[in-house]
Amino acid sequence: MSGLNHWIIAPVIVPLLAGGICMVMAARSPRVAAWVSLAGTLAFALVAAVLLVQAGDGDVRTYLLGNWPAPFGITLALDRLSALMLVLTALVALLALVYALAGDDRRGRHFHTLFQFQLMGLAGAFLTADLFNLFVFFEVLLCASYGLMLHGEGRGHTARLKATVHYLVFNLTGSALFLIAVALLYGITGTLNMADMALRLAALPTESAMLAQSAALMLLVVFAVKAALLPLYFWLPDAYANATAPVAALFAIMTKVGVYCITRTTTLLFSNAGDELHSVVAGVFLPALPALALASLVLAVLGVLSARRLRGLIAYLVVASAGTLLLAIGLSTTDSIAAGLFYLVHSTLTASVWFLVADRIADVRECGDELQHSVPMHPRVWAPMGVAFLISAVAVAGMPPLAGFLGKALLLDAASTTRYGTWVFVGVLLSSFGVLIALSRAGTTIFWRRGAQPDAVLRSDATNRSKGAAIAFGLGLVIATSIFAKPIGDYTNAAAVQLADRRGYIDAVL
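Source: prediction; values computed, not measured.

Cut-offs applied
- Residues numbered from 1 in each chain as written.
- Predicted model: local features only at pLDDT ≥ 70, side-chain atom pairs only at ≥ 80, totals over all residues.
- Heavy atoms only, no water.
- Helix = DSSP H or I, 4+ residues; strand = E, 2+ residues; numbered from the N terminus.
- Buried < 20%, exposed > 50% of the residue type's maximum accessible area, 1.4 Å probe, protein only.
- Contact = heavy atoms within 4.5 Å.
- Areas by Shrake-Rupley, 256 points an atom, 1.4 Å probe, with all protein chains shown as cover.
- Expected span 1.5 Å × (residues − 1).
- Bend = angle between axes of the 7 residues up to and from the residue.
- 1 Å grid on protein atoms, 1.4 Å probe; cavity = no way out; pocket = protein on both sides within 12 Å on 5 of 7 lines; lining within 4 Å.
- Points joined across faces, edges and corners; volume = space filled by probe spheres on them.
- Nonpolar A, V, L, I, M, F, W, Y, C, P; charged D, E, K, R; others polar.
- Axes fitted to C-alpha atoms, helices over the stretch in contact; angles between N-to-C directions.
- Parallel < 35°, antiparallel > 145°, perpendicular 65-115°, else oblique.
- Left-handed = near helix turned anticlockwise from the far one by under 90°.
- Salt bridge = Lys/Arg side-chain N within 4 Å of Asp/Glu carboxyl O.
- Polar contact = N/O pair within 3.5 Å; in protein donor to acceptor, adjacent residues only side chain to side chain.
- Pairing = 2+ DSSP bridges.
- Phe/Tyr/Trp six-rings, centres within 6.5 Å; stacked < 30°, edge-to-face > 60°.

(A) Inspection of the overall build of the protein at higher detail. Across its full length, the protein holds 21 helices and two strands. C-alpha atoms of the protein, sized along the principal axes, occupy 75 × 55 × 40 Å. The proportion of buried residues among the 510 residues of the protein is 61%. Here the contacts in the protein between residues at least 6 apart in sequence split such that 80% fall between residues at least 24 apart. Of the accessible surface of the protein, which amounts to about 18900 Å², a share of 67% is contributed by carbon and sulfur atoms.

(B) Molecular detail of helix 1 (residues 10–28). Relative to the 27 Å expected for 19 residues at 1.5 Å per residue, helix 1 spans 27 Å between its end C-alpha atoms, a close match to the ideal helical length. Along helix 1, the sharpest change in direction is near 25° and occurs at C22. Every buried residue of helix 1 is listed here: A10, P11, V12, P15, A18, G19 and C22. Residues of helix 1 that are buried in the fold lie against helix 2 (30–55), helix 3 (80–100), helix 4 (111–127) and helix 5 (131–150).

(C) Geometry of the layout of surface pockets. Its boundaries defined by the atoms lining it, the largest pocket holds a volume of some 390 Å³. Along the wall of the largest pocket there are 18 residues; nearest its centre are P30, R31, A34, D105 and H112. Secondary structure elements with two or more residues in the lining of the largest pocket: helix 1, helix 2 and helix 4. Classifying every residue of the lining of the largest pocket by side-chain character gives 10 nonpolar, four polar and four charged.

(D) Spotlight on the environment of L51. Mapped onto the fold, L51 is located in helix 2. Residue classification places L51 among the buried positions, given a relative accessible area of 0%. With 195 residues separating them in the primary sequence, L51 and P246 have C-alpha atoms 26 Å apart. What L51 contacts, discounting residues up to four positions off in sequence, is W7, I8, P11, L78, A83 and L86.

(E) Quick look at the packing of helix 14 (residues 334–363) against helix 16 (residues 403–415). Axis separation between helix 14 and helix 16 bottoms out at 8 Å; the angle between their running directions is 165°. Judged on the interaxial angle alone, helix 16 and helix 14 are roughly antiparallel. Regarding helix 14 and helix 16, the two cross each other, and that crossing is left-handed. Judged by residue contacts, D335, S336, A339, F342, Y343 and H346 of helix 14 engage A403, G404, L406, G407, K408, L410, L411 and A414 from helix 16. Within the contact of helix 14 with helix 16, the residues separate by chemical class into eight nonpolar, four polar and two charged.

(F) Representation of the environment of V478. Note on placement: V478 falls in helix 19 (residues 461–483). With 133 residues separating them in the primary sequence, V478 and V345 have C-alpha atoms 9.0 Å apart. Not counting the four nearest positions on each side in its chain, V478 is found in contact with H346, L349, T350, V353 and A395.

(G) Representation of empty space enclosed by the protein. Going through the model one piece at a time under the given rule, you end up with five cavities of 30 Å³ or more. Space inside the largest cavity adds up to approximately 90 Å³. Considering the residues around the largest cavity, the lining is formed by L297, L317, A320, S321, T324, Y343, V396, K408, V428, S431, S432 and V435. Listing elements by their share of the lining of the largest cavity, those giving two or more residues are helix 13 (310–331) and helix 17 (421–446). Looking at the lining of the largest cavity residue by residue, the class counts come to seven nonpolar, four polar and one charged.

(H) Representation of the pattern of salt bridges in the model. According to the stated counting rule, one finds seven salt bridges in the structure shown. R264 is paired through a salt bridge with D79; the nearest N and O atoms lie 2.8 Å apart. Here the residue R264 occupies a position in helix 11 (residues 254–268), and D79 occupies one in the loop between strand 2 (75–78) and helix 3, the gap between them amounting to 185 residues. For the residue pair R264 and D79, the accessibility class agrees, reading buried in each case. The partner of D359 in a salt bridge is K467, with the nearest N and O atoms 3.9 Å apart. Of this pair, D359 sits in helix 14 while K467 sits in helix 19, placing them 108 residues apart in sequence. Each member of the pair D359 and K467 is classed as buried.

(I) Broad picture of unusual backbone geometry. Cis rather than trans, the peptide bond between P400 and P401 has omega equal to 10°. Checked against the element boundaries, P401 lands in the loop between helix 15 (379–397) and helix 16. Look at N67: it is not a glycine, yet its phi comes out positive at around 60°. Relative to the elements of secondary structure, N67 occurs in the loop between strand 1 (61–64) and strand 2. Using a relative accessible area of 54% as the deciding quantity, one classes N67 as exposed.

(J) Main features of helix 5. Compared with an ideal rise of 1.5 Å per residue, which puts 20 residues at 28 Å, helix 5 spans 29 Å between its outermost C-alpha atoms and is within 8% of the ideal. Among the residues of helix 5, the N-terminal cap falls to D130, whose side-chain oxygen and the backbone nitrogen of F132 are separated by 3.3 Å. In the stretch just after helix 5, G152 is the one whose phi turns positive, near 115°.

(K) Layout of the pairing of strand 1. Burial of strand 1 is two-sided: the residues R61 and Y63 facing one way and the residues T62 and L64 facing the other way are all buried. The sheet contact formed by strand 1 and strand 2 spans four bridges and is antiparallel. By the bridge assignment, T62 is partnered in strand 2 with A77.

(L) How the structure looks around the packing of aromatic side chains. Here the structure, examined in full by the defined rule, presents 14 aromatic pairs. Centre to centre, the rings of F138 and F178 are 5.5 Å apart; their planes meet at 80°, and the pair counts as edge-to-face. Linking F138 in helix 5 with F178 in helix 6 (residues 157–189), this pair joins segments that are 40 residues apart in sequence. Feature note: the residues Y146, Y167, W235, Y240, F251 and F355 constitute an aromatic cluster, connected by ring pairs.

The structure is reproduced here in C-alpha cells:
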C-alpha cells in the first residue's frame, strides 16, 4: 500500500503535540492543560476509529517516514491487530482520563503531560514495523509510566514510592536485555525491519541457529516482563495496587503491550507454520509458553484468594488475564489466537473499570479497600457501588451473559484440538471458580452492612458524580462488548487469519 497514508502516524503525533502543550501550560494554567489533554485523547480516539475502519478491509497499510523505502527507513504498519490495540488504548485512556479529571490529576505535577506521552509510546509500539523502534517506543511509554506511578500526593505515597523502585529496576533490566537481543538479531540478519528479518531468518544457515535462538529467547524474557508472565510478574501486583486509580486503569493496557509483542513475533518472526519461511528459530517460544501461561494463571488465582486489599486482588486479576491471553497465543492455532484477541478486548476494559470501582469503594469506607473488616456504607452509595461491583465481578470471572464467558468458551473450544486440551480445561475452569470465590468473599465483606456514614460519602457531590459517570461509562463499554460480541468476534477472527498470513504482511511492508 501507499507510504503516504498519513493517518497511520497520527496516533503518534497527536499525543506528542498534546503532551508538549500540556508541558508548557501545566504551570501557567492547569485547567487549560486538562482541557488540552482531553481534546488530545478524544482526537486520538477519533484517529484510532478511522484506522480501525481502514484496517477492516484486510489490507496491510504502511507509512514510510521520510519516504525512505523499507527496510532502510523507519516503517509503521497498520493491520487488524494494531488497529484493534489502538482502539482499545483509546477507550481505556478516555475512561482513565475522565475519572482523573474529577481531581486525581491535580494530586501531582505534569499528570497530563505524562499521560499523553504514555499514549504516544503505546501507539508507537503497536504500529512500528521494526525491532529497534519497538525498543524506542517501549522506553517512551516506560519513562512516562515511571512518572505516572509516582503521581499522587497523600494516601499511600510511601508504598507507591517503594513499588515504583521495584517497577523501575525490573523494567530497566528488561530494557538492557532487549538491547542485547536486538543487537544479536541485527548482527545475525543485518536488519531490524521485522518483515525483512523474517525473510533473512528463513535463509539463515544452521551454524547460526543457536545464536538466533538465544536472541529469540531473550526477546521472550523481555516481553514476558511486560506481559507479567511467570516468573517475571512479581513487580506487577504492588505497582498496580499502589498506583492512583486512573493510572492503574491506564496501566491495564500496559501488560497487553507484552502480549501484543509476543503475538507479533511468534506469528511473524518465529512462526512454526511450516510455510516457505520456516527457519531455525521456528516455534522457539512455543514449547514453554503454554506451560508458563498456565502456571501464571494458577499462581495469580492464589494471589487473588490471598489478597488483603481489593486493589491487590484486582492487580492479581490482571496477571490472571495475561496468563489466559498468553495461553491462547501459546496454543498457536488460528482459533486460539482469535479467542485470545476476543478475550483481550473484554478483559482489558474490565480491569480498567475494576480499579476505578475499587477506588470509589475505598473513598466511602473507613478502612479503605482493606478486606479484613466489614464497615457501614451510606445507603446512597451502597446500591450503585453494589451494582458496579456485581457487573465487574461477573465480567472478570467469565460468567454469562457477559463476553468474558464467551471468550473463555472459545478458548476451551480451540484448546480441545491441541495436546494441551485437558490442562487448559482444568486450569481455566478452576481459575474462574477461584476468582468467583474470592470476589464473592470480597463482596460479602464490603457490602455486609448499610449503616449511615454521611461525612465519608458526601464531601463533594460534583466529584462523586464525575467519578460515577466515568465508572458508568466503563461499565457501559464492558456490557457493549457482550451486546456486540458477534461483530467483535468476526473482527478478531479476521485478525487471527491475517496474522497467520505473514507473507501478506511482509509483502506490504517491503
